[in-house]
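# Chain and residue survey
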Amino acid sequence: MALELKEIIEKINLLKKEKKAIILAHNYQPVEVHSVADMVGDSFQLSKAASEVKADIILFCGVKFMAETAKLLSPDCKVLLSAGDAGCPMADMANADDLKKYKEKNPDYLIVCYVNSSIEVKALSDVCVTSSNAVRIVNKLPLNKPIMFVPDQNLGQYVQSKTNRKIDVWDGFCPIHHVFINTTDIKKAREIYPDHVVIVHPECKPEVVEIADFVGSTKELADFTENNDKVVIGTEIGLINMLQIKYPHKSIKPLSEKAICVNMKKTSLNTVLETLQDELNQIFIPEDIAQNALIPIQKMLELN
């Protein structure tokens, strides 16, 4: 590691002590960012960590909806986002006005909201889920209630296939999983790496999920890789980079080299240092929205 990077890491670690700060980083973040994180994980792991944290400042290395969730669960903490313009295209595909209209027309429906959504959409929802607990939580919801799954159509269809529940899905998706990972990638991978297991994230299209060998959240994909030596992984490239470093003796290949989330890559060690040093990109949530948005998050933690 270059001396400059070592100096930046030292400065970050010193600031963490001075400011009583912790850093939470998503699996998809650049590997260099993981080196200063107190915890690296998927959305559910980081949500749980945020709810239990004892710190004055949480610096969230991820995208806006994640930092908003951390603020909901730790309202007394100052929550900072490592890159102020790091958003989520999927979250932007569902807006509160449209969801409000849907609820008015369909009052019997339960709104199951993927955590990859805006704080305003969460405030209109009955329960939040992550990719790691969506099936488990939907299985615990009242059987006499139809469900609208917001905003990811692919995860919603996956949950429907695993629960046999009546689920309508929003017209949203993750561009990385929906556009840049397809069945052709799987066929090529099986030709090039016939002795590898193909594993994918449930945000991928149903036809991709159907022919994969294993489907799971980022944590479940990481756990699978821990127990298997030859894998091809269909998700954002950051997880693959992390696992390749963690398991240098294993053969870990990306299903698609194009699966790169630009927003997740807006964070660097420099932005972490600047954000923590100057306490930039602080998350503020109006009290009325926070009260309503916290309900489905707490429901998720209870049902999980």
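Now for a quick tour of the structure. Being a predicted model, the structure only gives us computed values, none of them experimental.

### Some details on the overall build of the protein
For the protein, the helix and strand inventory stands at 16 helices and 12 strands. Radius of gyration (C-alpha) of the protein: 19 Å, near the 19 Å computed for a compact globule of 304 residues. Per-residue burial for the protein yields a buried fraction of 56% across its 304 residues. Long-range pairs, those at least 24 residues apart, make up 61% of the contacts in the protein between residues at least 6 apart in sequence. A total of about 13700 Å² of accessible surface is found on the protein, and carbon and sulfur atoms cover 49% of it. The averaged location of the 41 negative side-chain charges in the protein is 3 Å from the averaged location of its 35 positive side-chain charges.

### With respect to the side chain of Ser117
Within the secondary structure, Ser117 is located in the loop between strand 5 (110-114) and helix 7 (119-122). Judged by its relative accessible area of 0%, Ser117 falls in the buried class. At 2.8 Å, the side chain of Ser117 forms a polar contact with the backbone oxygen of Tyr114. Apart from residues lying up to four places away in sequence, Ser117 is in contact with Phe65, Ala91, Lys122 and Pro151.

### Comments concerning the environment of Leu280
With respect to the helices and strands, Leu280 occurs in the loop between helix 15 (269-278) and helix 16 (287-303). Residues Leu280 and Ala21, 259 residues apart in the sequence, show an inter-C-alpha distance of 13 Å. Beyond its immediate chain neighbours, meaning those up to four positions away, Leu280 contacts Leu80, Leu81, Glu274 and Thr275.

### Side note on the pattern of salt bridges
All told, the structure shown has 11 salt bridges when counted by the stated rule. Across the salt bridge formed by Glu279 and Lys19, the nearest N and O atoms sit 2.8 Å from each other. Note that Glu279 is positioned in the loop between helix 15 and helix 16 and Lys19 in helix 1 (residues 3-19), a separation of 260 residues in sequence. Between Asp223 and Lys219 there is a salt bridge, and its shortest N-O distance comes to 2.7 Å. Residue Asp223 and its partner Lys219 are both found in helix 13 (residues 218-226); the two are separated by four residues, about one turn of the helix. Residue Asp223 is classed as partly exposed on the basis of its relative accessible area of 31%. Through salt bridges with shared partners, one network takes in Lys19, Lys78 and Glu279.

### Things to note about the pairing of strand 5
Burial within strand 5 is extensive, with five of its five residues counted as buried. Burial along strand 5 is two-sided: Leu110, Val112 and Tyr114 facing one way and Ile111 and Cys113 facing the other are all buried. Two elements, strand 5 and strand 7 (residues 147-150), share four bridges in a ladder whose sense is parallel. Across the sheet, Leu110 pairs through a bridge with Ile147, a residue of strand 7. Taken together, the three bridges between strand 5 and strand 6 (residues 127-129) define a ladder with parallel strand orientation. When the sheet's bridge partners are listed, Cys113 is paired in strand 6 with Cys128.

### Looking at the state of the cysteines
Taken as a whole and judged by the stated rule, the model has zero disulfides. Note on Cys88: no disulfide assigned, nearest cysteine sulfur contributed by Cys174 at a separation of 6.7 Å. Using a relative accessible area of 14% as the deciding quantity, one classes Cys88 as buried. The thiol sulfur of Cys204 is not disulfide-bonded, and the nearest other cysteine sulfur, from Cys174, lies at 8.3 Å.

### Notes on the environment of Glu226
Tracing the chain through its elements places Glu226 in helix 13. By relative accessible area, Glu226 is classed as partly exposed at 45%. Measuring from C-alpha to C-alpha, the distance between Glu226 and Tyr158 comes to 24 Å, with 68 residues separating the pair along the chain. The residues contacting Glu226, other than those within four sequence positions of it, are Tyr247 and Lys250.

### Here we look at the sheet that holds strand 10 (residues 214-215)
The strand order across the open sheet formed by four strands is 10-9-11-12, and the pairing between neighbours is parallel. Looking along the sheet, the strands with just one partner apiece sit at the ends: strand 10 and strand 12 (251-254). Both strand 11 (residues 230-234) and strand 12 contribute to a ladder of four bridges, which runs parallel. By the bridge assignment, Val232 is partnered in strand 12 with Lys253. Helix 13 contacts strand 9 (197-200), strand 10, strand 11 and strand 12 of the sheet and is inclined by roughly 160° relative to strand 9.

Rules and cut-offs
Residues numbered from 1 in each chain as written. Predicted model: local features only at pLDDT ≥ 70, side-chain atom pairs only at ≥ 80, totals over all residues. Heavy atoms only, no water. Helix = DSSP H or I, 4+ residues; strand = E, 2+ residues; numbered from the N terminus. Rg over C-alpha atoms; globule rule 2.2 N^0.38 Å. Buried < 20%, exposed > 50% of the residue type's maximum accessible area, 1.4 Å probe, protein only. Contact = heavy atoms within 4.5 Å. Areas by Shrake-Rupley, 256 points an atom, 1.4 Å probe, with all protein chains shown as cover. Lys, Arg positive; Asp, Glu negative; His and termini not counted. Charge placed at Lys NZ, Arg CZ, Asp CG, Glu CD. Polar contact = N/O pair within 3.5 Å; in protein donor to acceptor, adjacent residues only side chain to side chain. Salt bridge = Lys/Arg side-chain N within 4 Å of Asp/Glu carboxyl O. Pairing = 2+ DSSP bridges. Disulfide = S-S within 2.5 Å. Axes fitted to C-alpha atoms, helices over the stretch in contact; angles between N-to-C directions.

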